Amino acid sequence: MTDEPTRVVFHLDRDPRLIAAVRAAVHYQASLAGLESESCENFAIACEDVCREALSQLTDADGGLDVTLDTFPNRIEISILHHGRLAPAAGLESFALPGAQASGASEVNGLELLSRVDRVIFNTEKGAARTTLVKFLQPKL
């Protein structure tokens, strides 16, 4: 892989079948970036879990998901942006929102997600929630 950053952008309507295309793209890009097969699969599963959870929180008026896959020389980032419910997707509310775990806010285990990626970033801005998954790459020798 070159040291030039790459970006792939997806817009997913509320059809969960579209998540498979994002998962395949993440797996492919992670492989090109030099991640081992198991790490590629784990990163792709993490992306799929967050996308599926975010889609489940949307209504028709929310407009779907915007997923951006950025590859840099030292890391891969997946940003999942959605409008509507401004809460972390995929079990992260148990870390970010006290008491949310007891209310059954998510079907995805946040600890399992965190074991598949190196960093999870969540923020809200202008009525949109963004969950970013980061996987660091091994330095090239």
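These numbers come from a predicted model, not from an experiment.

What counts and how
- Residues numbered from 1 in each chain as written.
- Predicted model: local features only at pLDDT ≥ 70, side-chain atom pairs only at ≥ 80, totals over all residues.
- Heavy atoms only, no water.
- Helix = DSSP H or I, 4+ residues; strand = E, 2+ residues; numbered from the N terminus.
- Buried < 20%, exposed > 50% of the residue type's maximum accessible area, 1.4 Å probe, protein only.
- Areas by Shrake-Rupley, 256 points an atom, 1.4 Å probe, with all protein chains shown as cover.
- Pairing = 2+ DSSP bridges.
- Axes fitted to C-alpha atoms, helices over the stretch in contact; angles between N-to-C directions.
- Contact = heavy atoms within 4.5 Å.
- Disulfide = S-S within 2.5 Å.

A word on the overall build of the protein chain
(1) Moving on: When helices and strands are tallied, the protein chain shows 4 helices and 5 strands.
(2) Moving on: Along the protein chain, helices (α) and strands (β) appear in the sequence β-α-α-β-β-α-α-β-β when read from the amino end.
(3) Moving on: Relative to its 141 residues, the protein chain shows a buried fraction of 45%.
(4) Moving on: Total accessible area on the protein chain stands at roughly 7,600 Å², and carbon and sulfur atoms take up 51% of it.

What to know about the sheet that holds strand E4 (residues 119-125)
Across a sheet, paired strands are connected by hydrogen bonds in the backbone, their directions being either parallel or antiparallel.
(1) Moving on: Strand order in the open sheet formed by 5 strands is E1-E2-E3-E5-E4, and the pairing between neighbours is antiparallel. Bordering the open sheet on either side are strand E1 (6-12) and E4, each of which pairs with just one other strand. Taking the axes of each pair of neighbouring strands and ignoring which way they run, one obtains an average angle of 15° across the sheet.
(2) Moving on: Looking at chain direction, strand E3 (residues 75-83) and strand E5 (residues 128-136) are connected through 9 bridges and run antiparallel. The residue bridging Arg-75 from the neighbouring strand is Phe-136, located in E5.
(3) Moving on: Strands in contact with helix H2 (residues 37-56) are strand E2 (65-71), E3 and E5; relative to E5, the strand with the most contacts, it is inclined by about 175°.

Considerations on the state of the cysteines
(1) Moving on: Within this structure, the stated rule accounts for 0 disulfides.
(2) Moving on: Cys-47 forms no disulfide, and the closest cysteine sulfur to it belongs to Cys-51, at a distance of 4.0 Å.
(3) Moving on: Note on Cys-47: relative accessible area 0%, which makes it buried.

Quick look at the environment of Val-9
(1) Moving on: Mapped onto the elements of the fold, Val-9 is located in strand E1.
(2) Moving on: The class of Val-9 is exposed, set by a relative accessible area of 56%.
(3) Moving on: For the pair Val-9 and Asp-70, spaced 61 residues apart in the sequence, the C-alpha separation amounts to 8.6 Å.
(4) Moving on: The contacts of Val-9, once residues within four sequence positions are left out, are Val-67 and Thr-68.

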